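# Topology and contacts: notes
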Amino acid sequence: MIIGKPLLSTEEIQKRVRQLAEEITEDYQDRELLAVGILRGAFMFFADLVRHIRVPLKVDFIVASSYVKTETTGEVKIHCDLREDVRGKDVLLVEDIVDTGLTLSLIRKKILEKGPSSLKVCAFLDKRERRVVDVPIDYRGFVIPNEFVVGYGLDYEDQYRNLPYISIFKKSI
Ligand code: 5GP
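In this report, the structure presented in the accompanying data block is examined. These numbers were taken from a predicted model, which means no experiment stands behind them.

Core analysis: the biggest nonpolar cluster contains 30 residues, and Ile24, Phe45, Leu49, Phe124, Leu125 and Ile166 have the highest contact counts within it. At the level of secondary structure, the elements contributing two or more residues to this core comprise helix H1 (10–27), strand E2 (33–39), helix H2 (43–52), strand E5 (90–98), strand E6 (118–126), strand E7 (139–143) and strand E9 (166–170). With residues up to four places along the chain from it excluded, the contact list for Phe45 reads Val17, Leu20, Val94, Glu95, Cys122, Ala123, Phe124 and Tyr152. The next biggest cluster of nonpolar side chains, apart from the first, holds 18 residues, and it includes Val86, Val98, Val135 and Ile137.

Dropping the structure here:
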């Protein structure tokens, strides 16, 4: 397998993450936020994002999966649900990448059923041309082309999550 040159460098990522955190801080002034990370892919983005958000904040996590190797299964599995009661809370869902939109759409629906006072979405990457279901993204890191990417929390068979940048992943034949 080949990891190409970074599509997004560490510096570009860190700059954009700080900008997103500033936007979120402005929008949630005088409110308390419940930031919900979608694991495992969002762990690095989530940690970087929340450390720059300057409003009172709690964290929680959902574990979901839909990909096998580089292909979506089209079926989203939720392995572990929220611990926090979201009723009446301002919830910010933090996702690594929106591809078909199926994962986010299902998780949004599940959280909305629990009656939060608001629900917004922050997605690090948006593979817009692959979208199958329309799902609102309130805070977006980068729009990327239709390529399978790894790094900064994103994996191929659970490898490469620790890379501090995003690279296009190509399988060698
Ligand atoms: P969706 O349900 O929007 O099709 O897919 C969302 C999930 O698929 C993401 O949370 C991520 O785990 C995985 N995914 C989608 N595209 C990529 C990609 O390019 N690279 C990696 N590593 N995972 C991806």
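In the structure shown here, the tally under the stated rule is 12 salt bridges. Between Asp48 and Arg51 there is a salt bridge, with the nearest N and O atoms lying 3.2 Å from each other. You can see Asp48 and its partner Arg51 sitting in helix H2, three residues apart, about one turn around the helix. For the salt bridge of Glu147 with Lys170, the shortest nitrogen-to-oxygen distance reads 3.0 Å. In this pair, Glu147 sits in the loop between E7 and strand E8 (149–150) while Lys170 sits in strand E9, placing the two residues 23 residues apart along the sequence.

The rules behind these values
- Residues numbered from 1 in each chain as written.
- Predicted model: local features only at pLDDT ≥ 70, side-chain atom pairs only at ≥ 80, totals over all residues.
- Heavy atoms only, no water.
- Core = buried A, V, L, I, M, F, W, Y, C linked by side-chain atoms within 4.5 Å.
- Buried < 20%, exposed > 50% of the residue type's maximum accessible area, 1.4 Å probe, protein only.
- Helix = DSSP H or I, 4+ residues; strand = E, 2+ residues; numbered from the N terminus.
- Contact = heavy atoms within 4.5 Å.
- Salt bridge = Lys/Arg side-chain N within 4 Å of Asp/Glu carboxyl O.

Shape descriptors only; they carry no functional weight alone.
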